[in-house]
Amino acid sequence: MSEERLSIADYPLAEKRPEIVRGKRGKGLDEITLEALLEDRVTLEDLRITAAALRQQAEIASAAGRGTLAANFERAAELVDMPQDTIMRIYELLRPGRAQSPGELLAAARELREQHRAEGIAAFVEEAAAVYERRGLFKKRF
């Protein structure tokens, strides 16, 4: 989160607080111009969302009393720098009927926690394992 507490008055950040919005390579919004793009000083990395930006959005959502949205932003922040193949593999396991046992999802949660320090996503996968077991979703569906 930012040093200074954000509030709903800061939303949207790009308009109200552009000086705190930074891309993955540290460029501020004022540095992302058509001229900079044409001179190859701006890359796709400068346009990608960052974990910090998502945590700022979570802070604003929390200040607005939108706890569920804030939690979603926090989990998204954990995913930003995670390898795409890891995300897609775990996403596939979360589809009903793909994981054959709670153990598969619990192993994925352990990986998320231990290898990627993604506590919120790991807890989400553990919760899914319990719900899937209760609803019988570990049965092969295809």
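These numbers were taken from a predicted model, which means no experiment stands behind them.

Undergrad: Before we go on, may I ask you to explain the environment of D81 in this structure?
TA: As for its position among the elements, D81 is in the loop between helix 4 (67-79) and helix 5 (84-94). We classify D81 as exposed; its relative accessible area is 60%. It is 28 Å that separates the C-alpha atoms of D81 and G97, two residues lying 16 residues apart in sequence. Side-chain polar atoms of D81 contact the side chain of K24, separated by 2.4 Å.

Undergrad: Explain unusual backbone geometry here, please?
TA: Omega for the peptide link from Y11 to P12 comes to -5°, which places this bond in the cis form. In this fold, P12 is placed in the segment before helix 1 (13-16). The phi angle at D40 is positive, at roughly 60°, despite the residue not being glycine. Within the secondary structure, D40 sits in the loop between helix 2 (34-38) and helix 3 (51-63). The phi dihedral of R117 falls on the positive side, at around 50°, and the residue is not glycine. Turning to its location among the elements, R117 is positioned in the loop between helix 6 (102-116) and helix 7 (119-135).

Undergrad: What's the story with the side chain of K27 in this structure? I'm lost.
TA: Here K27 lies in the loop between helix 1 and helix 2. In this structure K27 is buried but unpaired, with E31 as the nearest side chain of opposite charge at 4.6 Å. There is a polar contact of 3.2 Å between the side chain of K27 and the backbone oxygen of R41. Residue contacts for K27: discarding those within four places in its chain leaves V21, R22, R41, V42 and D46.

Undergrad: Please clarify how the nonpolar core should be interpreted in this entry.
TA: Ranked by internal contacts, the top residues of the largest apolar core, which has 17 residues, are I90, L94, L105, L112, V125 and Y132. Counting residues per element, the ones that place at least two in this core are helix 5, helix 6 and helix 7. The element contributing the most residues to this core is helix 7, with 6 residues. Ignoring anything within four residues of it in the chain, the contact list for L94 reads L105, F124, V125, A128 and Y132.

Undergrad: Looking at this model, I keep getting lost on the pattern of salt bridges. Mind explaining?
TA: Oppositely charged side chains are able to pair whenever their charged atoms sit close together. Going through the model one piece at a time under the given rule, you end up with 15 salt bridges. E39 is paired through a salt bridge with R41; the nearest N and O atoms lie 2.7 Å apart. Accessibility expressed as a relative area gives 40% for R41, which makes it partly exposed. Across the pair E74 and R55 runs a salt bridge whose closest N-O atoms are separated by 3.7 Å. Taken together, the positions of E74 in helix 4 and R55 in helix 3 put the pair 19 residues apart, joining distant regions of the chain. Assessed through its relative accessible area of 27%, R55 is described here as partly exposed.

Here is what the cut-offs are and how they apply
- Residues numbered from 1 in each chain as written.
- Predicted model: local features only at pLDDT ≥ 70, side-chain atom pairs only at ≥ 80, totals over all residues.
- Heavy atoms only, no water.
- Helix = DSSP H or I, 4+ residues; strand = E, 2+ residues; numbered from the N terminus.
- Buried < 20%, exposed > 50% of the residue type's maximum accessible area, 1.4 Å probe, protein only.
- Polar contact = N/O pair within 3.5 Å; in protein donor to acceptor, adjacent residues only side chain to side chain.
- Lys, Arg positive; Asp, Glu negative; His and termini not counted.
- Salt bridge = Lys/Arg side-chain N within 4 Å of Asp/Glu carboxyl O.
- Contact = heavy atoms within 4.5 Å.
- Core = buried A, V, L, I, M, F, W, Y, C linked by side-chain atoms within 4.5 Å.

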